[in-house]
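Architecture at a glance
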Amino acid sequence: MDSVHVALGERSYDVRIGQGLIDRAGEEIASFLKRRRVAILTDETVADIHLAALTESLSRQGIASSALVLPPGEATKSWEMLSRSVEWLLEERIERRDVVIALGGGVVGDLAGFAAAILRRGVAYVQAPTSLLAQVDSSVGGKTAINSRAGKNLVGAFHQPILVLADTDALATLTPRDFLAGYGEVVKYGLLGDAEFFEWLEDAGPRLLDGDVEARIRAVRRSVEMKAEIVARDETETGDRALLNLGHTFCHALEAATGYSDRLLHGEGVAVGCALAFELSARLGLCAQEEPSRVRAHLSTMGMKSDLSDIPGDLPGADGLLDLMAQDKKVIDGRLRFILTRGIGAAFVAEDVPRDAVRTVLSEALAGRT
Ligand code: GLY
């Protein structure tokens, strides 16, 4: 079984990666429990597929459990569902020394993590991510949040899990579209800091999509290693953790422009955003023009969205998208902050990126000229 350590002093934990981890969850979790009882937060889609296996595994170790099954989808990251989850955990008499399990994708993980952060001023929780996006990104690093009317992830807390169980068998139940959306975040790691990993993905990507188990485990492990290393350096994003946001300033504007709808999944927006960040870097003379082309070529080979023209429906013009970017959490004092790059695997945080360069890149992309 692969394991990656997230080194954060007394908040350190392991991310276990491999097959059959939901079936072995009871053994993995038992040593963390002061009493043999846990509460599970999940959603309807995931519960249908994985909840019975999880509760049976827990009960084989003599661990009693109860579950709250929430509606699936981004709308669940709401004040209403947070309140429902916290009140339910209190009714279940989950105490300071108990453990909550988040079984599901990024929505469940973010909501359950935040509920655990505020319940009795903080209880421990285990992430059992079932989507590729959650396994390589959102379940690791302790960012928890719900959405507000003012925007996505604007209400939340840093609260690290005590254990992450990334069962790669769960990836077999994803639709190709959801798998590829998560793959957008995998590609991001190669692009931001590991050119060799990106090169390997160029070769192995199609096998990953076809279900090659070893390749999937390797991709999840390398992504988690990179995230763990960055989070250990900068837990609360005062510096280098921002590198994980490669492609995200463009992505957040595109998600807002498409109403956080099915038109563009988050990971799809990340992939398109990475291509645009490389385009912007090339325009600013930071990297060769071949680099954005290489990024796009890989995304296209994988059958992913790589351009604004791949997003169905109308988009605002370049100025409209720039206005949406100005609302991003990464904008400080109105200055446009981007993750730019000197090439594949060489991203850095750039403050005060010229608006005109961003506008030109967006205008050209909207006109289909990239
Ligand atoms: N998803 C970006 C981060 O965890 O910092």
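Refer to the preceding data block for the structure.
Just so it is clear, the model here is predicted, and its values are computed rather than measured. (Residues numbered from 1 in each chain as written. Predicted model: local features only at pLDDT ≥ 70, side-chain atom pairs only at ≥ 80, totals over all residues. Heavy atoms only, no water.)

**Side note on the side chain of Lys 227**
The topology assignment puts Lys 227 in helix 8 (residues 213–233). Under the relative-accessibility criterion, Lys 227 is labelled buried at 5%. Within the structure, Lys 227 has its side chain in polar contact with the side chain of Asp 137 (distance 2.7 Å). Ignoring any residue separated from it by four or fewer positions in sequence, one finds Lys 227 in contact with Val 136, Asp 137, Val 140, Gly 141, Tyr 189, Arg 241 and Leu 244. (Helix = DSSP H or I, 4+ residues; strand = E, 2+ residues; numbered from the N terminus. Buried < 20%, exposed > 50% of the residue type's maximum accessible area, 1.4 Å probe, protein only. Polar contact = N/O pair within 3.5 Å; in protein donor to acceptor, adjacent residues only side chain to side chain. Contact = heavy atoms within 4.5 Å.)

**Quick look at the sheet that holds strand 4 (residues 64–70)**
With mixed pairing, seven strands are arranged side by side in an open sheet as 1-2-9-6-5-3-4. In this open sheet, the two strands that pair with only one neighbour each are strand 1 (2–6) and strand 4. Averaged over all neighbouring strand pairs, the angle between strand axes comes to 20 degrees, with direction disregarded. Where strand 3 (residues 37–43) meets strand 5 (residues 99–104), five bridges bridge the pair, whose relative direction is parallel. Residue pairing for strand 5: Ile 40 is matched across the bridge by Ile 101. Running over the sheet, helix 2 (residues 44–60) touches strand 3, strand 4 and strand 5 and is turned about 160 degrees from strand 3. Strands in contact with helix 8 are strand 1 and strand 2 (13–18); relative to strand 1, the strand with the most contacts, it is inclined by about 10 degrees. (Pairing = 2+ DSSP bridges. Axes fitted to C-alpha atoms, helices over the stretch in contact; angles between N-to-C directions.)

**Quick notes on the pattern of salt bridges**
Under the defined criterion, the tally for this structure stands at 32 salt bridges. One salt bridge in this structure joins Arg 24 and Glu 28, with 2.3 Å as the shortest N-O distance. The class for Glu 28 is buried, based on a relative accessible area of 10%. With a closest N to O distance of 3.1 Å, Arg 337 and Glu 351 form a salt bridge. One end of the pair, Arg 337, is in the loop between helix 12 (318–325) and strand 10 (338–341); the other, Glu 351, is in the loop between strand 11 (347–350) and helix 13 (355–366), with 14 residues separating them in the sequence. For Arg 337, a relative accessible area of 13% gives the class buried. Among the charged side chains, a salt-bridge network with shared partners connects Asp 2, Asp 194, Arg 221, Arg 222 and Glu 225. (Salt bridge = Lys/Arg side-chain N within 4 Å of Asp/Glu carboxyl O.)

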